[in-house]
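The residues making up each chain are set out below.
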Amino acid sequence: MSAHASLRVDGERLWRSLMEMARIGATEKGGCNRQALTDEDREGRDLFVTWCQQLGCEVSVDAIGNIFARRAGRDGSLPPVLAGSHLDTQPTGGKFDGVYGVLAGLEVLRTLQDAGIETEAPFEIAAWTNEEGSRFNPAMIGSGVWAGVMDLDKVYATTDKAGKTMGGELERIGYKGELPAAARPLTAAFEVHIEQGPILEKEGLQIGVLSGIQGLRWYDLVIDGDACHAGPTPMESRRDPFMAAAPIIQGCYDIAAAHAPWGRATFGDIRAEPGSRNTVPERLVVNVDLRHPDAGVLDRMDAEFRELAARECARHGLELRVDELWHMPVTRFAPQCVQAVRAATDMLGYGSMEMVSGAGHDSLYIATVAPTGMIFVPCENGISHNESENAKPEDLEAGCNVLLHAMLAMDPAPAAS
Ligand SMILES: [Zn+2]
């Protein structure tokens, strides 16, 4: 048992900080619109930086605007134990997505400060830039650049809908920092986040111990046939791409069901060309999104999907092309971090289950360069990316206590003198 087993965060202080941050970019329906690198984002960042400085933390900003707040440890040469998430929101976002992970990190440092605890390694909070990807595409840019997965100059040139570049907007709000946007060693990294799904609430549990993040594959299914008149052309003499698309779509739902409960198949968009009501389309482009947390199963789903598409197109005399646009591999979190989260949860006596994240998070990229773990807490009706997003103060407090003790568990033991 750790020396600080009885230590607890101040749940009310955490809640007050969340509510104060939520005033910046507050929407009429009770949500937040604090999109990346807007004036509201600057205001939120400034507030966070002020809080960290009041705590005596050293604050630095890197070239992509990621903010790091460091509370010194006894041994400054040790790589830090880090808690991080994001402060930006969707245009119709909520008060908790991302913000909770950053302010829970702050609450951990405040708790250590109040208790006069000196850790061995430095403890840090990270606020990663543009996680949401709603203003600047893609998502998770700050952590992606930091982890070396994305190119800084390309990201600087990325524009929003108004044609403003990310580099220009970083400069405008004063958050294009001096620190190189590049990974450095971490002892461990943790992210606590609302679940954004219904499982914990349904099970009546307070904590999700995450073992990883679902992998996904994105395809454009391009099916070519022949355009013809919707009236005079008999059904049997048509080469209609929909005749294959219909069984392919149903077949993908069957594939997801065959790999339940974690298999997912989604068709977010279908484009018919030329796209005329009384013409059989000559081409269909179907967006396909397949997901599963087990890499082997996701590979099997991929093979089953390709075979299904080939079979149905051949049966209807149609031409098929499967363009794979993106393959996000399955993320497995570091066993020592998963274990630290599990042990903290058990020690604190919270009801929990092991789960995987269905959504991407900054931790996905952090995990490629450092030992990483994640903690979920329930949110009301599983709703997120919505102004009505809500979470219970006691659940947020529980997740923050788990974060505190998981971070302490990863703090290296003092070197023998
Ligand atoms: Zn988030």
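What counts, and at which threshold
- Residues numbered from 1 in each chain as written.
- Predicted model: local features only at pLDDT ≥ 70, side-chain atom pairs only at ≥ 80, totals over all residues.
- Heavy atoms only, no water.
- 1 Å grid on protein atoms, 1.4 Å probe; cavity = no way out; pocket = protein on both sides within 12 Å on 5 of 7 lines; lining within 4 Å.
- Points joined across faces, edges and corners; volume = space filled by probe spheres on them.
- Helix = DSSP H or I, 4+ residues; strand = E, 2+ residues; numbered from the N terminus.
- Nonpolar A, V, L, I, M, F, W, Y, C, P; charged D, E, K, R; others polar.
- Donors = N, O, S within 2.8 Å, 3.2 Å for Na, K, Ca; no water.
- Buried < 20%, exposed > 50% of the residue type's maximum accessible area, 1.4 Å probe, protein only.

Colleague: Go over empty space enclosed by the protein with me, naming the residues and quoting the values.
Modeller: Using the criterion set out here, one finds three cavities of 30 Å³ or more in the structure. Reported here for the largest cavity is a volume of approximately 60 Å³. Lining the largest cavity are Asp-41, Arg-45, Ile-67, Leu-87, Asp-88, Ala-127, Trp-128, Thr-129 and Asn-130. Of all the elements in the fold, those that place two or more residues in the lining of the largest cavity are α2 (39-54) and β4 (123-128). Here the lining of the largest cavity is composed, by residue class, of four nonpolar, two polar and three charged. The space that makes up the second largest cavity amounts to roughly 40 Å³.

Colleague: Any chance you could break down the coordination of the zinc ion for me, citing the residues and the numbers?
Modeller: Six octahedral donors around a metal ideally sit at 90 or 180 degrees from one another, while four tetrahedral donors ideally sit at 109.5 degrees. In the first shell of the zinc ion, the protein supplies His-86 (NE2), Asp-97 (OD) and His-193 (NE2), at 2.0 to 2.2 Å from the metal. Read N to C, the donor residues that coordinate the zinc ion are spaced as H-x10-D-x95-H. Of this pair, Asp-97 sits in the loop between β3 (81-86) and α3 (99-114) while His-193 sits in strand β5 (residues 188-194), placing them 96 residues apart in sequence. We classify Asp-97 as buried; its relative accessible area is 5%.

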